[in-house]
Amino acid sequence: MSDITHIVEQTQFASNEAMEFLAYRLGGEEYGIPIHQVQELRRYEKTTKIANMPEHIKGVINLRGTIVPIIDLRLIFKHATVTYDELTVVIILNLEG
């Protein structure tokens, strides 16, 4: 959720088809998400908690009438420092289809 590099990288594959990725960093590792799956980037906002959920599921937000779960990958990957401040960014994905 944080340390978004805000860089869309273009990668050329063997099929000669270019793909764009949103690159982000968790701890010292870099990851990429196909740009067509990224709906938007948002600041972290307070979530509505859901009872009996694992620690990495922070809750849900109402995004223009759609309920969206907020999952903190830093907790899944066991990063030691997890803070939520004005620099924390949430990547909203659209994985349907």
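Look a little higher up for the structure.
Residues numbered from 1 in each chain as written. Predicted model: local features only at pLDDT ≥ 70, side-chain atom pairs only at ≥ 80, totals over all residues. Heavy atoms only, no water.

### As for the overall build of the chain
Note the following rule: The numbering of helices and of strands both runs from the N terminus, where a helix is a DSSP run of H or I of at least 4 residues and a strand a run of E of at least 2. Summary of the burial criterion: residues with accessible area below 20% of their type's maximum are buried, those above 50% are exposed, and those between are partly exposed, where the area comes from a 1.4 Å probe applied to protein chains only. The contact criterion used throughout is that any non-hydrogen atoms of two residues lie within 4.5 Å. Using a 1.4 Å probe, the Shrake-Rupley method yields the accessible areas, and only the shown protein chains count as cover for residues.
In terms of regular secondary structure, the chain is built from one helix and seven strands. Burial status across the chain gives 30% buried among its 97 residues. Here the analysis covers contacts within the chain between residues at least 6 apart in sequence; of these, 39% occur between residues at least 24 apart. When the accessible surface of the chain is split by element, carbon and sulfur atoms take 51% of a total near 6900 Å².

### Structural notes on the side chain of threonine 47
As a reminder, the rule being used: For this analysis, a polar contact is any N or O atom pair within 3.5 Å, provided that within protein one partner can donate a hydrogen and the other can accept it, and provided that sequence-adjacent residues contribute only side-chain to side-chain pairs.
Its location among the elements puts threonine 47 in the loop between strand 4 (38-43) and strand 5 (57-63). Side-chain polar atoms of threonine 47 contact the backbone oxygen of lysine 58, separated by 2.7 Å.

### Some points on the nonpolar core
Rule in force here: By convention a nonpolar core is built from buried Ala, Val, Leu, Ile, Met, Phe, Trp, Tyr and Cys residues, the set being connected through side-chain atoms within 4.5 Å.
If you look at the biggest cluster of nonpolar residues, it comprises seven residues: Tyr44, Ile61, Leu63, Val68, Ile70, Val90 and Ile92. Put simply, the parts of the chain that give this core at least two residues each are strand 5, strand 6 (66-71) and strand 7 (89-93). When neighbours within four sequence positions are excluded, isoleucine 61 is seen to be in contact with Arg42, Glu45, Lys46, Thr47, Thr66, Ile67, Val68, Ile70 and Ile92. In this structure, Leu22, Leu26, Val38 and Ile91 belong to the second largest nonpolar core, which totals six residues.

### Considering the pairing of strand 2 (residues 18-26)
We apply this condition: Pairing between strands is defined by DSSP: at least two bridges between them are needed.
Note: strand 2 against strand 3 (residues 29-34), six bridges, orientation antiparallel. By the bridge assignment for strand 3, leucine 26 is matched with glutamate 29. Counted along the chain from strand 2 to the antiparallel partner strand 3, the turn is two residues long, and its residue glycine 27 has a positive phi close to 65 degrees.

What is shown is where atoms sit, not what they do.
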